[in-house]
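# An overview of the molecular structure
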Amino acid sequence: MIEEKHILCVDPEPVKLRIPALLGRRGIEVELSAASDQASLDQALSEPGHWDLVLCEAGSFFDLALDERLDAIGDVLDASVVLIKPRDSQLSPAEGYRWGAADVVMKGDTDHLLMVCERELGNAVLRRRLRVLEQAGTASPESSPGRAESREGRREGRAVVIPTITDLSKAATQESEPQTEFVAETTVHETGLSVEQLRIKSLIDEGGLTLEFQPIVPLEAPDRARSQFEALVRLKDESGTLILPGDFLPTIAEAGWMGKIDLWIYRRALTILEELQGAGRTDAMLFVNLATETLRSRALIKAIGGFTSAARISSGSIVVELHRDAFVREPEGVEQLAELLRLNRHGLLLEDPGVGDCRFLERHGGLMTHVKLNRRITRGLVEGEVEQRDLDRLVGCAHARDIQVVALAVESARLLPMLFSAGVDAIQGHFVSMPYQDLMYPAVQRIESESSFIDS
């Protein structure tokens, strides 16, 4: 039996939204209830656990003091708030986020509203699951899932909730939680931040984070339609120019924000993958990076596992990429993540192996499904600094453990026979395709840069 979802409409007339019929076609049954004045809104929010989603006209958010009511409710509301704005409104999604909304949708844009509703209804289910996990470890006999507690009373011992990237922009009134325990109340104090940290934070607050995608192409069939991509995070600067990770991730790591960034990237990638597979690309796969720092938090790993299990994606269609040092510095975190991914046969990839890492693969090979050869190896092959026999040995060690091998930074045609003869499974780099923001099928222009590859 399909469980009915409950949507609270603050001001927009439910009958005009057409959401029940449209969501019903996707197998989601919903009931819409209206609240158009303070009394009816108070009555509706007296049972916060009843709601799976709140749709609110942007103007009514403050007119009916919904912001104050949500603040009073605290963390017991699992429903996201989505703002619906008129066409002449200048309200941006970034500003909506700062108000506490999950998204902002233009009035009349039914397709966008439908997509956002489906996504946020799924998020409400996940929040409840995580709340159950949390309460199983921290609840007292007197506590219950439906009881509203003060934020101060819930802070201590809180394990996992669903954050958004806009947690970076929320004002703080109390001391931040330790970065190893990621909670929704964790905020960022602007006091003490460096000039560069303030700049990066400002760019993020304005919605500057974006993803680009680079194909990972099977070496034996490079001309077939692309189905595997790596999600690459970028940040738009003040002029809209994309900043590469090496120019802003160190600042983010220094500020202790990597966990937030990783969760944003991962959730965004899952959403895109759902959309691709829902549109018929059932073979689509995404590779997503996680920082070693993220694996220090068991709460973050649980959240990633929860997001993955709740996502409507095919088994084996998401692969998490970890640097080699994660297996050494955070072995328990790697094992926990690998176990969660295996529940749906998703993959784990080792980045930056050395050509002499056969013994490393023997120790840790049971945790991984892929290995990615880095630029040092691919460039070393072309320049004669890496021996073909060493590459052959490493690929052979991987294949003996059913681990697929991907070669990164393939920018020269000279590499192809070397990689092919070693048995490399797939390639990625500018020779195949430059990264791009829109996932395009099936043709991708090839770009040869052999001269710059060798001479630079």
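Calculation notes
- Residues numbered from 1 in each chain as written.
- Predicted model: local features only at pLDDT ≥ 70, side-chain atom pairs only at ≥ 80, totals over all residues.
- Heavy atoms only, no water.
- Helix = DSSP H or I, 4+ residues; strand = E, 2+ residues; numbered from the N terminus.
- Buried < 20%, exposed > 50% of the residue type's maximum accessible area, 1.4 Å probe, protein only.
- Contact = heavy atoms within 4.5 Å.
- Areas by Shrake-Rupley, 256 points an atom, 1.4 Å probe, with all protein chains shown as cover.
- Salt bridge = Lys/Arg side-chain N within 4 Å of Asp/Glu carboxyl O.
- Pairing = 2+ DSSP bridges.
- Axes fitted to C-alpha atoms, helices over the stretch in contact; angles between N-to-C directions.
- Arc of directions from axis to C-beta.
- Right-handed = clockwise from strand over helix to strand, strands pointing away.
- Polar contact = N/O pair within 3.5 Å; in protein donor to acceptor, adjacent residues only side chain to side chain.
- Phe/Tyr/Trp six-rings, centres within 6.5 Å; stacked < 30°, edge-to-face > 60°.
- Lys NZ or Arg CZ within 6 Å of the ring centre and 35° of its normal.
- Core = buried A, V, L, I, M, F, W, Y, C linked by side-chain atoms within 4.5 Å.

- For the protein, an unreviewed UniProt entry supplies the name Diguanylate phosphodiesterase and the organism Marichromatium purpuratum 984.

### Some words on the overall build of the protein
- The helix and strand inventory of the protein stands at 19 helices and 15 strands.
- Out of the 456 residues in the protein, the part that is buried amounts to 50%.
- Partitioning the contacts of the protein with sequence separation of at least 6, the portion at a separation of at least 24 is 68%.
- With an accessible surface of roughly 21200 Å², the protein has 49% of that area assigned to carbon and sulfur atoms.

### Quick look at unusual backbone geometry
- Of note in the backbone geometry, R345 takes a positive phi value of approximately 60° without being a glycine.
- Relative to the helices and strands, R345 is located in the loop between α14 (331-342) and β12 (347-351).

### A word on the pattern of salt bridges
- Scanning all chains against the criterion turns up 21 salt bridges.
- In this structure, E212 and R234 form a salt bridge, with 3.0 Å as the shortest nitrogen-oxygen distance. You can see E212 sitting in strand β6 (residues 209-215) and its partner R234 sitting in strand β8 (residues 228-236), a full 22 residues away along the chain. Here the two residues E212 and R234 agree in accessibility, since each one is buried.
- Here the salt bridges share partners, and the residues they tie into one network are D103, R119 and E120.

### Notes on the sheet that holds strand β4 (residues 80-85)
- With parallel pairing, five strands are arranged side by side in an open sheet as β2-β1-β3-β4-β5. Two strands bound the open sheet, and with one partner strand each, they are β2 (30-35) and β5 (103-106). Averaged over neighbouring strand pairs, the angle between their axes works out to 25° when direction is ignored.
- Here four bridges tie strand β1 (residues 5-10) to strand β3 (residues 53-57), and the two strands are oriented parallel to one another. Paired with L8 across the strands is V54, a residue of β3.
- Sitting on the sheet, helix α3 (residues 38-45) touches β1 and β2, and the angle it makes with β1 is about 155°.

### What about the environment of V424?
- Along the polypeptide, V424 turns up in the loop between α18 (415-422) and β15 (426-427).
- Along the backbone, V424 and A407 are 17 residues apart, and their C-alpha atoms lie at a distance of 7.0 Å.
- Setting aside its immediate chain neighbours within four residues, V424 contacts L219, L373, V395, V405, V406, A407 and L419.

### Description of helix α5 (residues 66-73)
- Taken together, the buried positions of α5 are L66, R69, L70 and I73. Buried residues of α5, seen end-on, are gathered within an arc of 100° and therefore sit on one face of the element. Exposed side chains of α5 directed beyond 90 degrees from the buried face belong to E68 and A72.

### Description of the environment of I261
- Mapping I261 onto the fold places it in helix α11 (residues 258-278).
- The sequence separation of I261 and L249 amounts to twelve residues, and the corresponding C-alpha distance is 9.2 Å.

### Re the pairing of β12
- For β12, a buried count of five out of five residues is recorded, marking the element as mostly surrounded by other parts of the structure.
- Where β12 lies against strand β13 (residues 370-373), three bridges are found, and the strand directions are parallel. By the bridge assignment for β13, E351 is matched with K372.
- Crossover β12 to β13 through helix α15 (residues 358-364) is right-handed.

### Considerations on the side chain of D52
- Take D52: it is sitting in the loop between α3 and β3.
- Within the structure, D52 has its side chain in polar contact with the backbone nitrogen of H6 (distance 2.7 Å).

### Some thoughts on the packing of aromatic side chains
- Scanning the entire structure with this criterion turns up one aromatic pair.
- Looking at R267, its charged tip hangs above the ring of F307, at a distance of 5.2 Å from the centre.
- Just above the ring of F360 sits the side chain of R324; from NZ or CZ to the centre is 4.1 Å.

### Section: the nonpolar core
- Core analysis: the biggest nonpolar cluster contains 80 residues, and Y266, L322, F327, L337, L348 and L419 have the highest contact counts within it.
- For this core, the element with the most residues is α11, which contributes ten residues.
- Contact partners of L337, with chain neighbours within four places excluded, come to L290, L295, I301, I304, V320, L322 and L348.
- With 23 residues, the next largest nonpolar core counts V10, V54, F61 and V104 among its residues.

### Structural notes on the side chain of D103
- The topology assignment puts D103 in strand β5.
- At 2.8 Å, the side chain of D103 and the side chain of R119 are in polar contact.
- For D103, the contacting residues outside a window of four places in its chain are V81, V82, L83, Y97, H112, V116 and R119.

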